[in-house]
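# Architecture at a glance
Each chain, written out:
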Amino acid sequence: MPNLLLLGGTTEASALAVRLAARGDLAVLSYAGRVATPKAQPLPVRVGGFGGMDGLASYLRDHRVSHVVDATHPFAARISANAVAACTAVGVPLVALTRPAWQAVAGDRWMHVADIDAAVAALAGPARRVMLALGRMHVEAFLAQPQHHYLLRFVDTPDTLPPLPQHDLVVDRGPFTAEGDRRLMVAHGVDLVVCKNAGGSGAEAKLIAARALGLPVLLIDRPVLPLRTEYSRVDEVLDWIDHVADRGV
């Protein structure tokens, strides 16, 4: 029987966990631990980092892990790179369950930037009302552009208030709706949205709302990751788990 390590933190990881539990597969779901109250899961859960690539490789050996599924956020570049390196070092097959990136459609007003630093630099200029749809991890970087009034949305109430001098904070947990996000943007007078190209349907509401309102979006492109096998559907990953030995991986 496979002994799986599922690197999670996404809706895709939760969906795969449900299927693995239903099949009776032996698996552990690992979280980075950035959310104070993660969603209950049908699998055993571990929380926290592994200690880099070497720590992850040791975990794989010590726990006799047979397969690794990386279903982390598309911007969790460090753990994804560590997973590729650790699995290569130990000889454990790895697959990624990842969302396709969003593609612009008629009505979108997107400006692409490479990373957070580029997004901060792009906000130079007169004061605006900016929705930072980035969670809480990168808020401090935008102190470099204090002239703006920022709308923040966090999953959990922070222990300390965000350091931005002008901001409104909404604590809410998705999935969000396009109409709900449209109302939120109108209520706060948002005239620019900043977000990552996370992909998937669960976080797309803000883009649909921005399109409906004719608002520009500063879209942060995905980081470049090491070459790996990737699928976008849970069924494809389950098939990979069942037949990876047949493929000579």
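Residues numbered from 1 in each chain as written. Predicted model: local features only at pLDDT ≥ 70, side-chain atom pairs only at ≥ 80, totals over all residues. Heavy atoms only, no water.

Take unusual backbone geometry next. The phi angle at Arg64 is positive, at roughly 50 degrees, despite the residue not being glycine. Here Arg64 lies in the loop between helix H2 (52-62) and strand E4 (67-70). Accessibility expressed as a relative area gives 71% for Arg64, which makes it exposed. (Helix = DSSP H or I, 4+ residues; strand = E, 2+ residues; numbered from the N terminus. Buried < 20%, exposed > 50% of the residue type's maximum accessible area, 1.4 Å probe, protein only.)

The next subject is helix H7 (residues 234-243). Within H7, burial applies to Val234, Val237, Leu238, Trp240 and Ile241. Take H7 and look down its axis: the buried residues cluster within an arc of 155 degrees, on one side only. Elements in contact with the buried residues of H7: strand E1 (3-7), helix H1 (11-23), E4, strand E5 (94-97) and strand E12 (230-231). (Arc of directions from axis to C-beta. Contact = heavy atoms within 4.5 Å.)

Moving on, we come to the sheet that holds E5. Strands sit in the order E3-E2-E1-E4-E5-E12 across an open sheet of six strands; the sheet is parallel. Each having just a single partner strand, strand E3 (45-47) and E12 make up the two edges of the open sheet. Pairing of strand E2 (residues 26-31) with E3 involves three bridges; the strand directions are parallel. Paired with Leu29 across the two strands is Val45, which belongs to E3. Docked against the sheet, H1 engages E1, E2, E4 and E5, running at close to 160 degrees with respect to E1. Contacts from helix H3 (residues 77-90) reach E1, E4 and E5, with the element oriented near 160 degrees to E5. (Pairing = 2+ DSSP bridges. Axes fitted to C-alpha atoms, helices over the stretch in contact; angles between N-to-C directions.)

This part takes up the packing of aromatic side chains. Considering all chains together, one arrives at two aromatic pairs under this definition. Summarising the aromatic geometry, the rings of Phe50 and Tyr59 are spaced 5.2 Å apart at their centres and angled 70 degrees between planes, so their arrangement reads as edge-to-face. What makes Phe50 buried here is its relative accessible area of 16%. A ring pair is formed by Phe142 and Tyr150, whose centres lie 6.1 Å apart and whose planes are at 65 degrees; its orientation type is edge-to-face. A relative accessible area of 0% means that Phe142 is categorised as buried. Residue class for Tyr150 comes out buried when judged on its relative accessible area of 0%. Across from the ring centre of Phe50, 3.9 Å away, lies the NZ or CZ of Arg46, which sits over that ring. (Phe/Tyr/Trp six-rings, centres within 6.5 Å; stacked < 30°, edge-to-face > 60°. Lys NZ or Arg CZ within 6 Å of the ring centre and 35° of its normal.)

By the bridge criterion, four bridges tie strand E7 (residues 129-133) to strand E8 (residues 149-154) in an arrangement that is parallel. Each residue of the ladder has a partner; that of Met131, found in E8, is Leu151. Pairing of E7 with strand E10 (residues 192-196), which is carried by four bridges, proceeds in the parallel orientation. The residue of E10 that forms the bridge with Met131 is Val193.

Moving on, we come to the side chain of Lys206. Mapped onto the elements of the fold, Lys206 is located in helix H6 (residues 205-213). A polar contact of 2.8 Å, which involves the side chain of Lys206, links it to the backbone oxygen of Ala203. Not counting the four nearest positions on each side in its chain, Lys206 is found in contact with Trp102, Ala133, Asp181, Met185 and Cys195. (Polar contact = N/O pair within 3.5 Å; in protein donor to acceptor, adjacent residues only side chain to side chain.)

Attention shifts here to the environment of Thr177. Structurally, the position occupied by Thr177 is in the loop between strand E9 (167-171) and helix H5 (178-187). Once the C-alpha coordinates of Thr177 and Asp235 are considered, the two residues, 58 residues apart in sequence, prove to be 26 Å apart.

In this section: the nonpolar core. By size, the foremost hydrophobic cluster in this structure holds 20 residues, and its most contacted members are Leu6, Leu16, Leu20, Val69, Leu97, Val237 and Ile241. Listing elements by their share of this core, those giving two or more residues are E1, H1, E2, E5 and H7. Broken down by element, this core gets its largest block of residues, five residues, from H7. For Ile241, the contacting residues outside a window of four places in its chain are Pro2, Leu4, Leu20, Arg23, His67 and Val69. Ranked by size, the runner-up nonpolar core spans 19 residues in total, among them Phe75, Leu132, Leu164 and Val194. (Core = buried A, V, L, I, M, F, W, Y, C linked by side-chain atoms within 4.5 Å.)

We now examine H5. Within H5 the residues assigned to the buried category are Asp181, Leu184 and Met185. All buried residues of H5 lie within an arc of 95 degrees about the axis, which places them on one face of the element. Looking one or two residues beyond H5, the residue adopting positive phi is Gly189, at roughly 65 degrees.

Another aspect to go through is the pairing of E4. Alternating positions in E4 separate into two faces, His67 and Val69 on one and Val68 and Asp70 on the other, with burial throughout. Inspection of the sheet shows E1 paired to E4 by four bridges, in the parallel sense. Each bridged residue has a counterpart across the sheet, and for Leu6 the counterpart in E4 is Val69. Where E4 lies against E5, three bridges are found, and the strand directions are parallel. Bridge pairing in E5 places Asp70 opposite Ala96. In this region the chain leaves E4, passes through H3 and returns to the parallel neighbour E5; the handedness of that crossover is right-handed. (Right-handed = clockwise from strand over helix to strand, strands pointing away.)

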